[in-house]
Amino acid sequence: MATSYDPFRELDRMASALIDNRGPRVMPMDLFREDDHYVLSADMPGIDPGSVDIDVDGQLLTIRGERTMANHENVKWITRERLAGSFLRQLNLGQGIDVENISATYNNGVLTVTIPVHEAAKPRKIEVQSSGEPTMQVTESAKAGTKKAKA
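Residues numbered from 1 in each chain as written. Predicted model: local features only at pLDDT ≥ 70, side-chain atom pairs only at ≥ 80, totals over all residues. Heavy atoms only, no water.

(A) Geometry of the sheet that holds strand 1 (residues 29-34). Overall, antiparallel pairing links the four strands, which are arranged 1-2-7-6 in an open sheet. Two strands in the sheet have a free side with no partner beyond their single neighbour: strand 1 and strand 6 (103-107). On average, each strand axis in the sheet is tilted by 15° relative to the strand beside it, whichever way the strands run. Direction of pairing for strand 6 relative to strand 7 (residues 110-116): antiparallel, over a ladder of five bridges. Within strand 7, the residue paired with Thr 105 across the bridge is Thr 112. (Pairing = 2+ DSSP bridges. Helix = DSSP H or I, 4+ residues; strand = E, 2+ residues; numbered from the N terminus. Axes fitted to C-alpha atoms, helices over the stretch in contact; angles between N-to-C directions.)

Here is the structure:
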């Protein structure tokens, strides 16, 4: 099997490695609202669930995780694209979030965080009150098929 060497791919790989080693990596995520809660799903494959840390400070939600790679001594790497290190994502929750009831699960490399909307921030119906003036009722006469108005 013949392998071709692509110097541009190698330069791209080295440049990416230099840039990626500066700090925590960002994890890709989806966020949507369903009924009275938000659902955040973040890709965290290969991250030990015990290393995942979620905290709320005021209105700032922070998700951290750590991926460690096995230490292979005396090997010559052909390619190494899987990133190790710290992963970080921060979100400003804004107003109307029930921060006391945020919950999280981790399954198959996906972290799912459920963020409930605070009861006071949920949409509600407002009943319209009358100002005390007489209301008009409309009744239907079954015999005559006509409508009568009562004050």
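(B) Quick look at the side chain of Arg 67. Structurally, Arg 67 can be placed in strand 4 (residues 60-67). No salt bridge is formed by the buried Arg 67; the nearest opposite charge belongs to Asp 43, separated by 9.2 Å. Within the local environment of Arg 67, its side chain forms a polar contact with the backbone oxygen of Pro 45, the two atoms lying 2.4 Å apart. The contact partners of Arg 67, leaving out residues within four places of it in the chain, are Pro 45, Gly 46, Ile 47, Leu 83, Ala 84, Gly 85 and Phe 87. (Buried < 20%, exposed > 50% of the residue type's maximum accessible area, 1.4 Å probe, protein only. Lys, Arg positive; Asp, Glu negative; His and termini not counted. Salt bridge = Lys/Arg side-chain N within 4 Å of Asp/Glu carboxyl O. Polar contact = N/O pair within 3.5 Å; in protein donor to acceptor, adjacent residues only side chain to side chain. Contact = heavy atoms within 4.5 Å.)

(C) Just the nonpolar core, in detail. Formed by 14 residues in total, the largest nonpolar core has its most connected members in Met 27, Leu 40, Met 44, Ile 63, Val 113 and Ile 115. Elements with a contribution of two residues or more to this core: strand 2 (37-43), strand 4, strand 5 (85-92) and strand 7. No other element matches strand 7, which puts three residues into this core. The residues touching Met 27, leaving out its near neighbours within four places in the chain, are Ala 42, Asp 43, Met 44, Ile 63, Phe 87, Leu 88 and Arg 89. (Core = buried A, V, L, I, M, F, W, Y, C linked by side-chain atoms within 4.5 Å.)

(D) Seen up close, the pattern of salt bridges. One pass over the structure, following the stated rule, counts two salt bridges. Linking Arg 64 and Asp 53 is a salt bridge whose minimum nitrogen-to-oxygen distance equals 3.6 Å. Pair noted here: Arg 64 is in strand 4 and Asp 53 is in strand 3 (residues 53-57), with a separation of eleven residues, a long-range link. In this structure Arg 64 comes out as partly exposed when scored by relative accessible area, which is 36%. According to the relative accessible area criterion, Asp 53 is partly exposed, its value standing at 36%. Arg 64 is the salt-bridge partner of Asp 55, the closest N and O atoms lying 3.1 Å from each other. With relative accessibility at 28%, the residue Asp 55 sits in the partly exposed group. Within the structure, one salt-bridge network assembled from shared partners comprises Asp 53, Asp 55 and Arg 64.

The analysis is restricted to geometry; functional conclusions fall outside its scope.
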